[in-house]
Amino acid sequence: MISVCGIVALHRPTTAAGTEADETTARRTLERIAHLGPDGQGFRTIGTTVLAHARLSIVDLAGGDQPIGSDAGSWIVANGEICNHTDVRAGLDHPFRTDSDSEAALALVERLGVEGIPALMARVADPSHGPVRSFAAGIAGSSDLLAARRVAEHLGLAHTEIVDTADDAVEALPQVVKSIESYEPSLVRSAVPNYAPAREAARSVKVVLTGEGADELFAGYDHYPSVPSDELQDVLDESLDGLHHLNLQRCDRVTMAHSLEARVPFLDLDLVALARQIPIEWRLPGELGQEKALLRSAFDGWPPGDLLWWVKEQFGDGSGMADATHARIETLAASRDAGSTGLPGRRGRTSGSAPCRRRAAARSSSTNGCSPRPCRAPTRTSSAGSPPPEAGARGPRGTHDA
């Protein structure tokens, strides 16, 4: 899944041509989703159809505005991000007007019809040219900032920290709600700490990679251990199916509002298929309650061990934004003689839960003020009696993509 630009198509098959009212409706509709493509807007009336597009420009910045037409009279509005568009172009005798990857899709469909669409390959990640950049946001001294700083130093990343205050978060709330198109408390709560790093990242890059999907594939949420193991796969599938109107909606809308595209490598279709083949017993929490133990084991030896087995926190909690914002809103509400009921609180484990007690007991004196003691990766046995594969085994580090 990649971020989607703003697309509007208005079609009236019973009329002879698009009307001025239709164009007005299309323009007003596009204004409502302009944050999905802040780099430019385009409109075109073709017979009884009005096409409109709000663009996030990645390929052919100067000439790739949409809708894009052909000499044959076909037109396209598309999200693009087609990694093999150069190969598609080379295989077609077509008078291309732009260097846009979306025009390659138009030419292919003109030649082969919709049956040609499978030949287009979605772009998952770009080759790295220069230092890899990373971004982290949070309240000063928050565990996320401290941990991200150590990882960046360890891996040699060009790291940027965005240190926020509760007032910053409260001030951003109206724009956050507008960008995610939702008042849902939990969605807003997680979107607030996403907003600042997206804004900062957009100043230096156009595309970022994020970790959405890992919890749904590898049972990372704190309520999964309470689900019977014979039902867990169905629960994970249901969570995965619902991502488009929860975490992916938040990630997509907040980044696109800043002309930034977020890509989600954990949701690569091959990885999703692979994860679903892994026995569910291997995806249960580790002996000390570590979520995604199998996934963590796969990265053994890359980041510092104590950070690899870091105790999971919700984004709003690890960044410190949830508590700081909640306290600030409580103060504002009290000063205005208004109530603050319905504000979402922390969503981490309760202190009395068994996994939380075991993990709390595993903590030692902190390293650099933030690190719990590394937890050993557990050895599990599947229902068939065979141990999981050696997840940490891998070739030389240089053979892996960053």
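Okay, so let's go over this structure. (Residues numbered from 1 in each chain as written. Predicted model: local features only at pLDDT ≥ 70, side-chain atom pairs only at ≥ 80, totals over all residues. Heavy atoms only, no water.)

Right, let's talk about the environment of Ser226 for a bit. Positionally, Ser226 belongs in the loop between α7 (214–218) and α8 (229–241). Classification of Ser226 by relative accessible area gives exposed; the value is 61%. One polar contact links the side chain of Ser226 to the main-chain carbonyl oxygen of His223, over a distance of 2.7 Å. (Helix = DSSP H or I, 4+ residues; strand = E, 2+ residues; numbered from the N terminus. Buried < 20%, exposed > 50% of the residue type's maximum accessible area, 1.4 Å probe, protein only. Polar contact = N/O pair within 3.5 Å; in protein donor to acceptor, adjacent residues only side chain to side chain.)

Note that side chains of opposite charge can pair when their charged atoms are close. One pass over the structure, following the stated rule, counts 17 salt bridges. For Glu261, the salt bridge is made with Arg263, and the minimal N-O distance between the two is 2.7 Å. A relative accessible area of 1% places Glu261 in the buried class. Overlapping salt bridges, with partners in common, bring together Glu181, Asp252 and Arg253 in one network. (Salt bridge = Lys/Arg side-chain N within 4 Å of Asp/Glu carboxyl O.)

Turning our attention to the packing of aromatic side chains. Each pair of aromatic rings is reported with the distance of its centres and the angle of its planes. This structure, assessed with the given rule, holds two aromatic pairs. On the numbers, 5.7 Å between centres and 55° between planes, the contact of Tyr221 with Tyr224 is tilted. Accessibility assignment for this pair places Tyr221 and Tyr224 in one class, buried. Plain terms: the ring middles of Phe299 and Trp302 are 6.2 Å apart, the flat faces sit at 90° to each other, and that makes the pair edge-to-face. The partly exposed category is assigned to Phe299, whose relative accessible area is 37%. For Trp302, a relative accessible area of 17% translates into the label buried. Its guanidinium or amino end placed over the ring of Phe43, Arg27 lies 3.9 Å from that ring's centre, counting from NZ or CZ. (Phe/Tyr/Trp six-rings, centres within 6.5 Å; stacked < 30°, edge-to-face > 60°. Lys NZ or Arg CZ within 6 Å of the ring centre and 35° of its normal.)

Read across the open sheet, the three strands follow the order β1-β3-β2; overall the sheet is antiparallel. Taken across any chain shown, the strands that pair with only one partner, and hence form the sheet edges, are β1 (6–11) and β2 (40–46). When strand polarity is set aside, the average angle formed by the axes of neighbouring strands in this sheet is 10°. As defined by bridge partners, β2 adjoins strand β3 (residues 49–55) across seven bridges and the pair is classed as antiparallel. Residue Ile46 lies in a different strand from β3, and its bridge partner there is Thr49. Across the face of the sheet, helix α1 (residues 20–32) comes into contact with β1, β2 and β3 while running at roughly 160° to β1. (Pairing = 2+ DSSP bridges. Axes fitted to C-alpha atoms, helices over the stretch in contact; angles between N-to-C directions. Contact = heavy atoms within 4.5 Å.)

Our next topic: the pairing of β1. Both faces of the sheet carry side chains from a regular strand, because those side chains alternate between them. Burial along β1 is one-sided: the residues Gly6, Val8 and Leu10 are buried and none of Ile7, Ala9 and His11 is. Summarising the sheet, β1 and β3 pair through six bridges and their orientation is antiparallel. Bridging from a neighbouring strand, Ile7 pairs with His53 of β3.

Together, Val109, Val114 and Ile117 give the surface a local cluster of nonpolar side chains, amounting to about 240 Å² of exposed area. Here Val114 lies in the loop between α3 (101–112) and β6 (133–139). With relative accessibility at 57%, the residue Val114 sits in the exposed group. (Patch = residues over 30% accessible without salt bridge, like charges linked within 9 Å, V, L, I, M, F, W, Y side chains within 5 Å. Areas by Shrake-Rupley, 256 points an atom, 1.4 Å probe, with all protein chains shown as cover.)

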